[in-house]
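Topology and contacts: notes
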Amino acid sequence: MSGFDKNWLALREPADRLARSRPLIGTLCRHLAEARQAPLLLDIGCGTGSTYRTLSPLLPAQTRWLLLDYDPQLLLEAERQITSSDGISFRQHDLNDLADLPLDGVSMVTASALFDLCSASFTDRFVERLSYQKTGLYAALNYDGVMEWGTSHPLDTQVVDSFNRHQGLDKGFGPALGPNATHHLGQSLRSKGYRVEIGHSPWRLGPNQHALQAELLRGIQAAVAEIGAIAPAELEDWVAYRLDVLADEQSLCVIGHADLLAIHDR
Ligand SMILES: C[S@@+](CC[C@H](N)C(=O)[O-])C[C@H]1O[C@@H](n2cnc3c(N)ncnc32)[C@H](O)[C@@H]1O
């Protein structure tokens, strides 16, 4: 699991779609349907276009999209997968360059699995930039620090602690907010006059999501190993146990996420 690898993004997309908070998507759709002009959505950190694929069938037909990422390979893959070219454009851009973020005419910024990678300082500067034009924000699927399994193992708590410490390392924006992302984003947006709604969007993975769970375990192992608080052999045993019980009926794995919708009365 590289985090930004197209195969990993493809594996997680169906679980993300199921997990997204329905009430928040409902509010988002109603808000955009009431807009006087055809909505323009800017999806930041778009990857291969998962957010576009999930939301576009639910939004007004005339909705236009700008999909933005700094990774040219992911943008190419997004262009390859999104065959309809009507009202969709793609932009390579590093979000750290907030001054040139193409916000003109944007009705709503969307982002999925992005803000937990971002720092508090970046998030505040981003909100400042957004609030200047009172643009709305839908920020979905930010990890909230919860990882639980249906069958327990003595090392679970230590693994989760190490993983959550890893979440706070620099992912390209300064020290990452990790599990604190939605809370911080919400506070920052409220301070700028936004109405903020938050919904839970946990993955609940069962034996049918074997490939996703196995890849997730490899990603957890790599992150925990980097922290170095658990002996490699112990960590290997934990992963072997978790892989072993994947096919069991009770092999439920819960990964907590939260979605946020922020709207500013213009
Ligand atoms: C975890 S992936 C999520 C991708 C997509 N939103 C999804 O839900 O499948 C994070 C995305 O953020 C992008 N990203 C990370 N840092 C970025 C930056 N500084 N500027 C632009 N995009 C960035 C990555 O290339 C990647 O596509």
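The structure this text deals with has already been given above.
Figured I'd write up the structure that's included with this text. Each residue is numbered by its place in its chain's sequence as written, counting from 1. This being a predicted model, a pLDDT of at least 70 is required before a residue's local features are given, and a value of 80 or more before pairs of side-chain atoms are given or counted; all residues contribute to the totals for chains, interfaces and linings. To obtain the side-chain values, all non-hydrogen atoms of the structure were used and water was disregarded.

**Observations regarding the pattern of salt bridges**
Threshold: By convention in these notes, a salt bridge is any Lys or Arg side-chain nitrogen within 4 Å of a carboxyl oxygen on Asp or Glu. Only DSSP runs of H or I reaching four residues or more are called helices, and only runs of E reaching two or more are called strands; each is numbered from the N terminus. Accessibility here uses a 1.4 Å probe with only protein chains present; expressed as a share of the type maximum, an area under 20% marks a residue as buried, one over 50% as exposed, and anything in between as partly exposed.
Taken as a whole and judged by the stated rule, the model has nine salt bridges. Residues Arg-17 and Glu-13 are paired through a salt bridge, measuring 3.1 Å at the closest nitrogen-oxygen approach. One end of the pair, Arg-17, and the other, Glu-13, are both in helix H1 (residues 6-19), four residues apart, so they sit about a helical turn from each other. Judged by relative accessible area, which is 9%, Glu-13 ranks as buried. Residue Arg-53 is joined to Glu-13 by a salt bridge in which the shortest nitrogen-to-oxygen separation is 2.8 Å. Here Arg-53 is found in helix H3 (residues 50-55), whereas its partner Glu-13 is found in helix H1, with 40 residues between them in sequence. One exposure class covers both Arg-53 and Glu-13, and it is buried. A network of salt bridges, in which partner residues are shared, links Lys-6, Glu-77 and Arg-80.

**Some words on the side chain of Ser-112**
Filter applied, for reference: Polar contact criterion, stated in full: a pair of N or O atoms within 3.5 Å, where within protein one must be able to donate a hydrogen and the other to accept it, and residues adjacent in sequence count only if both atoms are side-chain atoms. The criterion used for residue contact is that any of the two residues' heavy atoms lie within 4.5 Å.
Its place among the elements puts Ser-112 in strand S4 (residues 108-112). A polar atom in the side chain of Ser-112 sits 3.1 Å from the side chain of Arg-20. In this view, Ser-112 contacts Arg-20, Gly-45, Thr-51, Ala-140 and Leu-141; residues no more than four positions away in its chain are not counted.

Read these as spatial facts, not as claims about activity.
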